[in-house]
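Listed below, chain by chain, are the residues.
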Amino acid sequence: MQEFAQQVVGGIAIGGIFASLALALVLIYNAMGLVNFAQGEMAMLATFVALALINRGMSYWIAFPATLVLAFAGGIAIQRLVIRPVERAPVLTLVIITLGLATLINGLAGFIFGYVPRSFPSPFSSDSIDVFGVFISWRDLGVIAVSGLVLLAVYLLLQRTTVGLTMRAAAHHPEASRLLGVQVSWMLALGWGLASAVGAVSGIMVAPILLLEPNMMQSIIIYAFAAAVLGGIESPLGAVVGGILVGLTINLAGAYLPGVGGDLQLAVGLAIIVVVLLVRPTGLFGRAATRRV
Amino acid sequence: MSGGILELKDVHAGYGQRAVLHGVSLSVPEGGIVSLLGANGAGKTTTLRAITAGVRWSGDILFAGRSLRRMGTEEVVRSGIAHVPEGRGICTELTVDENLRLGSHLRRDSAEVKKDYDRVFDYFPVLKARRRLSASTLSGGEQQMLAIARAVLMRPKLMLLDEPSLGLAPLVVRAIFEIIRTINETSRVAVLLVEQNARIALDISSTAYVLEVGRVAVSGESAQLRGDESVRRSYLGY
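Remember, it's a predicted structure, so these values are computed and weren't measured experimentally. (Residues numbered from 1 in each chain as written. Chains lettered and ligands numbered in written order. Predicted model: local features only at pLDDT ≥ 70, side-chain atom pairs only at ≥ 80, totals over all residues.)

Secondary structure summary: chain B contains 10 helices and 10 strands in total. Relative to the globule expectation of 18 Å for 238 residues, the C-alpha radius of gyration of chain B, 17 Å, shows essentially globular dimensions. Along the three orthogonal principal directions, the C-alpha set of chain B runs to about 45 × 40 × 30 Å. For chain B, with 238 residues in total, the buried portion stands at 47%. When contacts within chain B are restricted to residue pairs at least 6 apart in sequence, long-range pairs at least 24 apart make up 68% of them. (Helix = DSSP H or I, 4+ residues; strand = E, 2+ residues; numbered from the N terminus. Rg over C-alpha atoms; globule rule 2.2 N^0.38 Å. Buried ≥ 20, exposed ≤ 12 C-beta atoms within 10 Å, placed from the backbone. Contact = placed C-beta atoms within 7 Å.)

Contact residues are listed per partner, giving 14 residues for chain A and 17 residues for chain B. With 6 residues, the top contributor of residues to the side of chain A that touches chain B is helix α6 (residues 162-172) of chain A. A class-by-class count of the residues in the side of chain A that touches chain B yields 6 nonpolar, 6 polar and 2 charged. (Nonpolar A, V, L, I, M, F, W, Y, C, P; charged D, E, K, R; others polar.)

Residues and elements named next belong to chain B. Spatial ordering of the open sheet is given by β6-β7-β8-β3-β9-β10, a layout of 6 strands whose pairing is mixed. Two strands close off the open sheet at either side, each with one partner strand: β6 (81-84) and β10 (215-221). Averaged over all neighbouring strand pairs, the angle between strand axes comes to 15 degrees, with direction disregarded. Looking at chain direction, strand β7 (residues 158-162) and strand β8 (residues 190-194) are connected through 5 bridges and run parallel. (Pairing = 2+ DSSP bridges. Axes fitted to C-alpha atoms, helices over the stretch in contact; angles between N-to-C directions.)

Where strands meet in a sheet, backbone hydrogen bonds hold them as pairs that are either parallel or antiparallel. All names here are of chain B. With antiparallel pairing, the 4 strands of this open sheet are ordered in space as β2-β1-β4-β5. Strand pairing shows two members of the sheet lacking a second neighbour, β2 (18-28) and β5 (66-67), which therefore form its edges. Where strand β1 (residues 6-15) meets β2, 8 bridges bridge the pair, whose relative direction is antiparallel. Note on β2: the bridge partner recorded for Tyr15 is Arg18. Seen against the sheet, helix α1 (residues 44-51) touches β1, β2 and β4 (57-63) and runs at an angle of roughly 75 degrees to β2.

With that out of the way, let us pick up the packing of helix α9 (residues 217-231) of chain A against helix α11 (residues 265-279) of chain A. Residue and element names in this part refer to chain A. Where α9 contacts α11, the axes come no closer than 9 Å and their chain directions differ by 25 degrees. Taken together, the axes of α9 and α11 lie roughly parallel to each other. Where α9 crosses over α11, the two elements pack in a sense that is left-handed. The residues of α11 that touch α9, namely those facing Ser219, Ile222, Tyr223, Phe225, Ala226, Val229 and Leu230, are Leu266, Gly269, Leu270, Ile272, Ile273, Val276 and Leu277. Here the contact of α9 with α11 is built from residues that sort into 12 nonpolar, 2 polar and no charged. (Parallel < 35°, antiparallel > 145°, perpendicular 65-115°, else oblique. Left-handed = near helix turned anticlockwise from the far one by under 90°.)

All names here are of chain B. Of all the 5 residues making up β7, 5 are buried; the element is thus mostly covered by neighbouring parts of the structure. Side chains of β7 alternate between two faces, with Leu158, Leu160 and Asp162 and Met159 and Leu161 buried alike. Relative to β7, β6 runs parallel, the two being bridged by 4 bridges. Paired with Ile81 across the two strands is Leu158, which belongs to β7. Assessed by its sense of winding, the connection that carries the chain from β7 through helix α7 (residues 170-187) to β8 is right-handed. (Right-handed = clockwise from strand over helix to strand, strands pointing away.)

This part is about the nonpolar core. Of all hydrophobic cores here, the largest spans 168 residues; its most connected members are A:Phe18, A:Ala22, A:Leu23, A:Ala224, A:Ala227 and B:Ala149. Ranked by the residues each element gives to this core, the list is headed by helix α1 (residues 2-32) of chain A, at 17 residues. For A:Phe18, the residues in contact, after removing those within four places along its chain, are A:Ile220, A:Tyr223, A:Ala224, A:Ala227, A:Gly243, A:Val246 and A:Gly247. (Core = buried A, V, L, I, M, F, W, Y, C linked by C-beta atoms within 7 Å.)

Turning to helix α3 (residues 96-104) of chain B, a few remarks are in order. For α3(B), the tally of buried residues reaches 7 of 9 residues, placing the bulk of the element in the interior. If you check which residues of α3(B) are buried, you get B:Val96, B:Asn99, B:Leu100, B:Arg101, B:Leu102, B:Gly103 and B:Ser104. Those residues of α3(B) that are buried lie in contact with α6 of chain A together with α4 (110-123), α5 (125-129) and α6 (140-153) of chain B.

Turning our eyes to something else, we now look at α9(A). Residues and elements named next belong to chain A. The terminal C-alpha atoms of α9 lie 20 Å apart, and with 15 residues this matches the ideal 21 Å at 1.5 Å per residue to within 8%. Burial runs high along α9: 13 of the 15 residues are buried. Among the residues trailing α9, Gly232 stands out with phi positive, at a value near 95 degrees. (Expected span 1.5 Å × (residues − 1).)

A few words now on unusual backbone geometry. Among all residues save glycine, negative phi is the norm, and among peptide bonds the norm is trans. All names here are of chain B. Positive phi outside glycine occurs at Arg88, with the angle close to 80 degrees. Looking at where Arg88 falls in the secondary structure, it is placed in the loop between β6 and α3. Of note, the phi angle at Arg188 is positive, near 55 degrees, even though the residue is not glycine. Structurally, Arg188 can be placed in the loop between α7 and β8. Taking the C-beta count within 10 Å as the criterion, Arg188 has 11 such neighbours and is therefore assigned exposed.

With that settled, consider the pairing of strand β2 (residues 134-137) of chain A. Residue and element names in this part refer to chain A. Summarising the sheet, strand β1 (residues 128-131) and β2 pair through 4 bridges and their orientation is antiparallel. If you follow Asp130 over to β2, its bridge partner there is Phe135. Connecting the antiparallel pair β1 and β2 is a turn made up of 2 residues, with Phe132 showing a positive phi of about 45 degrees.

As a further point, take the environment of B:Val216. All names here are of chain B. Along the chain, Val216 turns up in strand β10. For Val216, a count of 21 C-beta atoms within 10 Å puts it in the buried group. In the structure, Val216 is positioned 193 residues away from Gly23 in sequence and 8.2 Å away in space, judged by C-alpha atoms.

Let's shift gears to the environment of A:Ala255. Within the element layout of this structure, A:Ala255 appears in helix α10 (residues 236-256). It is 9.3 Å that separates the C-alpha atoms of A:Ala255 and A:Glu3, two residues lying 252 residues apart in sequence.

Here we come to the confidence of the model for chain B. When the pLDDT values of chain B are averaged, the result is 93; 99% of them are 70 or greater. Interface predicted TM-score (ipTM) for the complex: 0.92; the corresponding pTM is 0.88. (pLDDT = per-residue confidence, 0-100.)

In structure tokens form, the structure reads like this:
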């Protein structure tokens, strides 16, 4: 029971990390019907930036928001410079561009920072606390709290502010939004900035666990895809629920299914993608695409 | 023919290689209602789309004396034109209230905005009752009401309405046109109305233009056109 509870809390913590990256994917998917394969690499690069800031003596809790601001600006820059010129191209072209972007950022990070894995500080103590007889690590709780706050902030931004309203309108109804004076192209850029910042959170949260190196996010992005697909690729709430479910699944499978621990966990993530696409392609929260003919 | 809030001068427009408008000139006086009639494919919708930069055009379009050449859709709209497009342009992913807020989102005069909300809820009480519901749950007539209410909340100087009667029951059509007239009278907003339903459009407008394959075939005072048997037969089909 004790171990099970710990695995559950650990699963929710890692699930929060997946949820952040999955949410980043969903934000861009909603804005332009595009899966951004570079999302994980963008998060990795942001994490290197955070480490650079911390190594220059900046305190963690200043470097963290500073990195998010930089990631936000970087996301906008990528949309303006790389994506916007080909905005009207077929989706396949865009997908290939994001794949190229992923390779580019990966190589760039390797070139600048090298491939030696680096330890990344965690602001949370490695001690545990006793909650009704279950020892839960502060790190897990900290990751859950940070992810939760970030997800809440995104929710409030999208649902409770005018900017969020115009972002949602621009994403779903670009033509109608333009006629209401919404600057659709800038809303897409904001979407990229927001996705980039939210994705950066997942990188910063996972780096203390995995060690930071240019390929750090390559397994995390698979889990994030699984989470986004499970939640229904269009639903921000689905991304969060999907993330937590995927986190729980791989943690529990790793602990209790013989032979799954370690590397095979990734196969569980891929299996989730395949099963969801076969059984319920719209995911838990997605709607079936209906098209008038 | 000059000095109107909206002036189209020899406007040509089309989609790619296919030209749709072959030199349309028309004028909407300040605070007036003008109807643009004609058969399917005559270029009525394209004319409206040209005004709000939804299609490439040449010639000149002046709004409040200023040329709209080289302006993007957002810019044209922000200068004071509300365009209720073909199909109404309702954001069905959003609630009724969110759709209305999109109408007023650029305005900073919050006291006036509040008054305008009261006004549109007065015109269309059904929208107030359904504020929190998804706009996709509204009937066709209610969606048209929402689209017009949203346009009013933009506080435009000119409204472009693309077939507000389309697909609606006659009673609903009459109610909506009554309110278009009220909006025009109380807030002095000019209206350019595209309609297939020539009879009701001629009733509400002071001036009318009839398009035929991308050109103005007939124009004049609505009352006159309504009384002209040959125009009615050859162009308006009633």
